[in-house]
Amino acid sequence: MAYAPWLDPYDESPFIAFSNSHMISMIIVVLLVLLLFLFRHSLRRLSERSSRLLRIGLASMMIGSEIVLQLWYVYGGIWSLQTSLPLELCSLTLLLSALLLLTRTRWLYSAVLFAGIAGALMAIVTPNLGYAYAHFRFIQFFTAHAMIILALLYMTWVEQFRPGWRSVAGSMIFVNIAALVVYAVDVLLGANYMFLRHKPNTPSVLDMLGPYPVYILGEEVLALVLFTLLYIVLFAIPDRVKQHHNRKKTKTHQIQSKL
């Protein structure tokens, strides 16, 4: 069967980490995040109807990216229970982040926030990907992972959901419950979703965490460190800076009032 070149599941052009296309993809993701941050106030001023339509649109794109991926598996004749179910961590957080956009459920936000952002960032920087630009899978991979980050930051910066330290614990609990369920599926199907039975065949960060099953414990430590760093960088430090600025502003106002 002849496939369109950009849809060919047996494309032999390998993905090369930190190639020009990889670097450009990462830069685009960073720029999108910066644009979301810069326009956060404008987005907050949207009407309730416009905000709802925006969230539905983004959620539809996220769900659609998974549907299109499944259709591509079928089109290429490579769909299988062992490799094609949406049971990788980023697939789970993609769909749950879409659900979060639609429901604005706070406990779901706490569960997926750090797991989604950290998992997507790791995937973007060290992709487990066998296709180079401009293959469909390359485009779908980076688009889906970028949307996870944008959706969760949208809920943070625009919808103004705020996590606490408990959200770090919530994301850790979510990851471990997901891993237990997925491991049971792995054993049942003879699969390796979330790489719970062995490492991926392509180079990844797991190579630095030791042999099986030691690297799974290493993932636990890495996840806790990443979730904590994300909380500190995205929330703890900005909150401390804002508090300091407000105290300084209040003190200045008090001095001016006395003059």
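Residues numbered from 1 in each chain as written. Predicted model: local features only at pLDDT ≥ 70, side-chain atom pairs only at ≥ 80, totals over all residues. Heavy atoms only, no water.

On to the overall build of the protein chain, then. Along its length, the protein chain carries eight helices and zero strands. Dimensions along the principal axes, computed over C-alpha positions, put the protein chain at roughly 85 × 40 × 35 Å. Residues classed as buried in the protein chain amount to 41% of the 259 residues present. Sequence-distant contacts in the protein chain: of pairs separated by 6 or more residues, those separated by 24 or more amount to 73%. Looking at the protein chain as shown, the accessible area adds up to about 14,700 Å², and 69% of this sits on carbon and sulfur atoms. Between the averaged position of the 20 positive side-chain charges in the protein chain and that of its 12 negative side-chain charges there is a distance of 24 Å. (Helix = DSSP H or I, 4+ residues; strand = E, 2+ residues; numbered from the N terminus. Buried < 20%, exposed > 50% of the residue type's maximum accessible area, 1.4 Å probe, protein only. Contact = heavy atoms within 4.5 Å. Areas by Shrake-Rupley, 256 points an atom, 1.4 Å probe, with all protein chains shown as cover. Lys, Arg positive; Asp, Glu negative; His and termini not counted. Charge placed at Lys NZ, Arg CZ, Asp CG, Glu CD.)

Take the nonpolar core next. Nonpolar side chains tend toward joint burial in soluble globular proteins. Counting 58 residues, the largest nonpolar core has Met 62, Leu 101, Phe 114 and Phe 227 as its most contacted members. Put simply, the parts of the chain that give this core at least two residues each are helix H1 (20-38), helix H3 (48-75), helix H4 (89-103), helix H5 (106-125), helix H6 (136-157), helix H7 (165-189) and helix H8 (214-258). Of all the elements, H6 adds the most residues to this core, at 16 residues. Setting aside anything within four residues of it in sequence, one finds Phe 114 in contact with Gly 119, Pro 163, Ser 167, Val 168, Ser 171, Phe 227, Leu 230, Tyr 231 and Phe 235. One finds Ala 179, Ala 191, Tyr 193 and Leu 196 within the second-largest nonpolar core, a separate group that totals nine residues. (Core = buried A, V, L, I, M, F, W, Y, C linked by side-chain atoms within 4.5 Å.)

Another point: the pattern of salt bridges. For the coordinates displayed, the defined rule picks out five salt bridges. Glu 48 is paired through a salt bridge with Arg 55; the nearest N and O atoms lie 4.0 Å apart. Overall, the relative accessible area of 4% leaves Arg 55 in the buried class. Asp 239 is the salt-bridge partner of Arg 162, the closest N and O atoms lying 2.6 Å from each other. Here Arg 162, found in the loop between H6 and H7, pairs with Asp 239, found in helix H8; they are 77 residues apart in sequence, far enough to count as distant. Since its relative accessible area comes to 28%, Asp 239 is described here as partly exposed. One network of salt bridges, with partners in common, ties together Glu 48, Arg 55, Arg 104 and Glu 159. (Salt bridge = Lys/Arg side-chain N within 4 Å of Asp/Glu carboxyl O.)

Between the first and last C-alpha of H1 there are 27 Å, a value that for 19 residues agrees with the 27 Å anticipated at 1.5 Å per step. Within H1, burial applies to His 22, Ser 25, Met 26, Val 29, Val 33 and Leu 36. Taken end-on, H1 shows its buried residues confined to a sector of 95°, consistent with a single buried face. Exposed residues on H1 whose side chains face more than 90 degrees from its buried face are Asn 20 and Leu 38. In this structure, the buried side of H1 is in contact with helix H2 (40-44), H5 and H6. (Expected span 1.5 Å × (residues − 1). Arc of directions from axis to C-beta.)

Moving on: the UniProt feature "transmembrane region" (unreviewed entry) in the protein chain. Listed under "transmembrane region" (unreviewed entry) in the UniProt record, and renumbered for this structure, are residues 20-41, 53-73, 85-102, 107-126, 138-157, 169-195 and 215-237. The span residues 20-41 carries 95% helix and 0% strand; its end-to-end C-alpha distance comes to 33 Å. (UniProt positions renumbered as here; feature names shortened; annotations may be inferred.)

The subject of this paragraph is the packing of H5 against H6. Their axes nearest at 9 Å, the elements H5 and H6 cross at an angle of 145°. Relative to H6, H5 is oriented so that their crossing is left-handed. Listed contacts from H6 to Tyr 109, Val 112, Leu 113, Gly 116, Ile 117, Ala 120, Leu 121, Ala 123 and Ile 124 of H5 are Phe 141, Phe 142, His 145, Ala 146, Ile 148, Ile 149, Leu 152, Leu 153, Met 155 and Thr 156. Here the residues of the contact of H5 with H6 are counted per class, giving 16 nonpolar, three polar and no charged. (Axes fitted to C-alpha atoms, helices over the stretch in contact; angles between N-to-C directions. Left-handed = near helix turned anticlockwise from the far one by under 90°. Nonpolar A, V, L, I, M, F, W, Y, C, P; charged D, E, K, R; others polar.)

Mapped onto the secondary structure, Ser 25 falls in helix H1. Residue class for Ser 25 comes out buried when judged on its relative accessible area of 11%.

Estimates place the volume of the second largest pocket at around 540 Å³. For the lining of the second largest pocket, the secondary-structure elements that each account for two or more residues are H1, H3 and H6. The biggest single contributor to the lining of the second largest pocket is H6, with nine residues. Grouping the constituent residues of the lining of the second largest pocket by class yields 20 nonpolar, four polar and one charged. (1 Å grid on protein atoms, 1.4 Å probe; cavity = no way out; pocket = protein on both sides within 12 Å on 5 of 7 lines; lining within 4 Å. Points joined across faces, edges and corners; volume = space filled by probe spheres on them.)

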